Amino acid sequence: MNFKSLLAKPFANVIYNKTRKSMMQAVQHQEIIFRSLLKHGAGTQFGKDHLLDQVADHAAFTQAVPIRDYELIKPYIEQIKQGKANVLWKGKPIYFAKTSGTTSGVKYIPITKESIPNHIQTARNALFCYMAETGNTAFANGKMIFLSGSPVLERTGTIPTGRLSGIVNHHIPAYLRSNQLPSFETNCIEDWETKLDKIVAETINKDMTLISGIPPWMQMYFDRLIEKTGKNIATLFPHFSIMVQGGVNFEPYKARLFESIGKKIDSIELFPASEGFFAFQDTQDQEGMLLNTNSGIYFEFIPAGEIFNEFPTRLSLKDVQLGENYALIINSNAGLWGYNIGDTIKFVSLNPFRIIVTGRTKHFISAFGEHVIGEEVEAALKSTLEVHPAKVTEFTVAPMIQQGEGKSYHEWFIEFESLPNDMNEFAQYLNDSLSNKNVYYQDLMKGNILLPLKIRVVHKNGFIDYMKSIGKLGGQNKVPRLSNDRKIANQLVQFVQPENE
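This text gives an overview of the structure that appears in the document. Bear in mind the structure is a predicted one, so any value in this text is a computation, not a measurement.

### Section: the packing of helix 10 (residues 192-203) against helix 11 (residues 215-229)
How two helices pack is summed up by the angle between their axes together with the distance between the axes.
Thought 1: Where helix 10 meets helix 11, the axes come as close as 10 Å, and the angle between the chain directions of the two elements is 60°. If you check the angle between helix 10 and helix 11, you find them oblique. Here helix 10 and helix 11 pass one another in a crossing that is right-handed. Every residue of helix 11 that contacts helix 10 at Trp192, Glu193, Leu196, Asp197, Ile199, Val200 and Thr203 is listed here: Trp217, Met220, Tyr221, Arg224, Leu225 and Lys228.
Thought 2: Along the lines of polarity and charge, the residues of the contact of helix 10 with helix 11 split into 8 nonpolar, 1 polar and 4 charged.

This is the structure we're talking about:
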């Protein structure tokens, strides 16, 4: 056994046991964090503006601190950018995580001395829990891809600023540096395709044991390796045993990824964002990710149907229920208060608290009152592929609004690796599956308001070409599953195959 894997084993057991103990105290930990946030936040500009020193409990907090998105917290961020201290949190942030917002342009998310361990330690805990549960420590001996954005940081005033993954790259433990790929120089490359070619060149002859990234990126990487060598990934990297992924729902990508690999391997799902590291898969034999309840974040949960209400119901952890869709709200030691991160989740276990990500609060279709969400379209596609086999690379859905009754429909843009035998039967089954998931959608068709869905076949690499055309290829960028307008659909039309192909 290699020295690194030998050392990892006892430490993994310590982290695993600590995690098991902590998960049983989640509600208590949340209350402790809530009190600590109020104590430290009361003396800040935000705390004074919202009278946090007078808040005694969660009910009072919901009255004092409204739900907000980036636009509403932006005035405080601007004060920090101008050099002011004690604005959202004590002192100044040690970093700004720079991220692109769909409605807010560039967002600057503060990372503080107190919040940086949340980003660093959670991924570590996920790996150590995996090691302790499975006994697989051998991957620590090989090469691992921790793909990141450019680690080169600019400055906003005096505050180092960059992509979260680039910031985290500076905090990778020294004992993993010799195992890490790609090189620092390659990670600094901004152009995605140039970067991908360099990653392939640097890794193609290495003993890769762990590969991490968002599923669409990993598929592009695998495709490029297979194209270059003619070998599947398991043949190319015989010791590759663990895939770490997050950022999007894994399910639609899973079958094709494992086919590219050539065998099923273990995977670990993560739920990170610039605003915090919210959950991680702590076990291989249970559904969902363990909510990160003891890491500087106090969570609130709003029933998804109320998220745009003026005064929505705000639940603490002790009040949540299984199977309900909730918008996830965070309060953190990074200075985010009542912050709507834009994701919806569902609890699949309450003992311990495990979640799945079900979609985005702004990614839905309700052009006709159907309110179809990401979880429903992904589940409908999954069940369709089980009956009508095909290989889907990527997809998105948008409404097609036509004048006159019974003429509008949902338009699915799908890129296939291999087509179903009968596209009409595939589309019909997909439509029926979605109807079974969403009664409003079903009623709209019965009422002759909607036609059954229609599929537009996107040509090979069409989604890559689309992302390239809008300057968002690579990194953590992904295509939304759903849009309530035609902005994406109208641009995708140019990447669709003619009907007779």
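Having seen it, we continue.
### Some remarks on the sheet that holds strand 20 (residues 454-458)
Thought 1: Read from one edge to the other, the open sheet built from 3 strands follows the order 18-19-20, with strand pairing classed as mixed. Edge positions in the open sheet fall to strand 18 (391-400) and strand 20, since each of these has one partner strand only. Sheet twist, expressed as the mean angle between neighbouring strand axes with direction ignored, is 25°.
Thought 2: Pairing analysis gives 5 bridges linking strand 19 (residues 409-418) to strand 20, with the strands arranged parallel. By the bridge assignment for strand 20, isoleucine 414 is matched with valine 457.
Thought 3: Relative to strand 19, helix 15 (residues 423-437) is tilted by about 125°, and along the sheet it contacts strand 19 and strand 20.

### Thoughts on the layout of surface pockets
Thought 1: Here the second largest pocket is characterised by a volume of approximately 420 Å³.
Thought 2: Surrounding the second largest pocket, 21 residues form its lining, Lys18, Ser22, Asn125, Asn292 and Asn294 being those nearest its centre.
Thought 3: Contributing elements (two or more residues each) for the lining of the second largest pocket: helix 1 (3-23), helix 6 (116-134) and strand 11 (289-291).
Thought 4: Residues that form the lining of the second largest pocket fall into these classes: 6 nonpolar, 12 polar and 3 charged.

### Let's talk about the packing of aromatic side chains
For any pair of aromatic rings, the description rests on two quantities: the centre-to-centre distance and the angle between the ring planes.
Thought 1: The final tally for this structure, using the stated rule, is 22 aromatic pairs.
Thought 2: Between the aromatic rings of tryptophan 217 and tyrosine 221, the centroid separation amounts to 5.3 Å while the plane-to-plane angle is 5°, which identifies the pairing as stacked. Of this pair, tryptophan 217 and tyrosine 221 are both found in helix 11, 4 residues apart, which corresponds to roughly one turn of the helix. A single burial state applies to tryptophan 217 and to tyrosine 221, both of which are buried.
Thought 3: Taking the centre distance of 5.7 Å and the plane angle of 75° together, the rings of phenylalanine 416 and phenylalanine 426 count as edge-to-face. One end of the pair, phenylalanine 416, is in strand 19; the other, phenylalanine 426, is in helix 15, with 10 residues separating them in the sequence.
Thought 4: The class for phenylalanine 426 is buried, based on a relative accessible area of 0%.
Thought 5: Above the plane of the ring of tyrosine 108 lies lysine 81, whose end atom (NZ or CZ) is 4.1 Å from the centre.
Thought 6: Over the ring of tyrosine 409 we find lysine 454; its NZ or CZ atom is 4.4 Å from the centre of that ring.

### Quick word on the nonpolar core
Thought 1: In terms of nonpolar packing, the biggest core is built from 52 residues, with Leu88, Phe271, Phe278, Phe301, Trp337 and Phe347 touching the most fellow members.
Thought 2: Those residues in contact with leucine 88, other than ones at most four positions away along the chain, are Thr44, Phe46, Ile73, Tyr76, Ile77, Ile80, Gly335 and Trp337.
Thought 3: Among the nonpolar cores identified, the runner-up in size contains 42 residues, and Tyr466, Leu473, Leu492 and Phe495 belong to it.

### Topic: the environment of asparagine 461
Thought 1: As for its position among the elements, asparagine 461 is in the loop between strand 20 and helix 17 (462-469).
Thought 2: The class for asparagine 461 is partly exposed, based on a relative accessible area of 33%.
Thought 3: The sequence separation of asparagine 461 and leucine 164 amounts to 297 residues, and the corresponding C-alpha distance is 27 Å.

### Examining empty space enclosed by the protein
Thought 1: Evaluated as defined, the whole model comprises 3 cavities of 30 Å³ or more.
Thought 2: Taken as a whole, the largest cavity holds about 310 Å³ of empty space.
Thought 3: Going through the elements one at a time, helix 11, helix 13 (251-261), strand 18, strand 19 and helix 17 are the ones with two or more residues in the lining of the largest cavity.
Thought 4: In terms of residue count, helix 11 provides more of the lining of the largest cavity than any other element does, 5 residues in total.
Thought 5: When grouped by side-chain class, the residues that make up the lining of the largest cavity number 11 nonpolar, 6 polar and 8 charged.
Thought 6: Roughly 60 Å³ of internal volume is contained in the second largest cavity.
Thought 7: Only strand 2 (105-111) and helix 6 provide two or more residues apiece to the lining of the second largest cavity.
Thought 8: Looking at side-chain class alone, the lining of the second largest cavity contains 4 nonpolar, 8 polar and 1 charged residues.

### Quick word on the sheet that holds strand 14 (residues 339-350)
Thought 1: Across the sheet, which stays open at both edges, the 11 strands sit in the order 6-3-7-8-9-10-11-15-14-13-12 with mixed pairing between neighbours. Of all the strands in the sheet, the pair left with one neighbour each is strand 6 (180-181) and strand 12 (297-303).
Thought 2: Pairing of strand 12 with strand 13 (residues 325-332), which is carried by 7 bridges, proceeds in the antiparallel orientation. Opposite isoleucine 297, over in strand 13, you have serine 332 as the bridge partner.
Thought 3: Against the sheet, helix 6 touches strand 7 (208-213), strand 8 (242-246), strand 9 (266-273), strand 10 (276-280) and strand 12, its axis set at about 15° to strand 10.
Thought 4: Docked against the sheet, helix 11 engages strand 3 (143-146), strand 7 and strand 8, running at close to 135° with respect to strand 7.

Conventions and cut-offs
Residues numbered from 1 in each chain as written. Predicted model: local features only at pLDDT ≥ 70, side-chain atom pairs only at ≥ 80, totals over all residues. Heavy atoms only, no water. Axes fitted to C-alpha atoms, helices over the stretch in contact; angles between N-to-C directions. Helix = DSSP H or I, 4+ residues; strand = E, 2+ residues; numbered from the N terminus. Parallel < 35°, antiparallel > 145°, perpendicular 65-115°, else oblique. Left-handed = near helix turned anticlockwise from the far one by under 90°. Contact = heavy atoms within 4.5 Å. Nonpolar A, V, L, I, M, F, W, Y, C, P; charged D, E, K, R; others polar. Pairing = 2+ DSSP bridges. 1 Å grid on protein atoms, 1.4 Å probe; cavity = no way out; pocket = protein on both sides within 12 Å on 5 of 7 lines; lining within 4 Å. Points joined across faces, edges and corners; volume = space filled by probe spheres on them. Phe/Tyr/Trp six-rings, centres within 6.5 Å; stacked < 30°, edge-to-face > 60°. Buried < 20%, exposed > 50% of the residue type's maximum accessible area, 1.4 Å probe, protein only. Lys NZ or Arg CZ within 6 Å of the ring centre and 35° of its normal. Core = buried A, V, L, I, M, F, W, Y, C linked by side-chain atoms within 4.5 Å.

Limitation: the analysis is restricted to geometry and does not speak to function.
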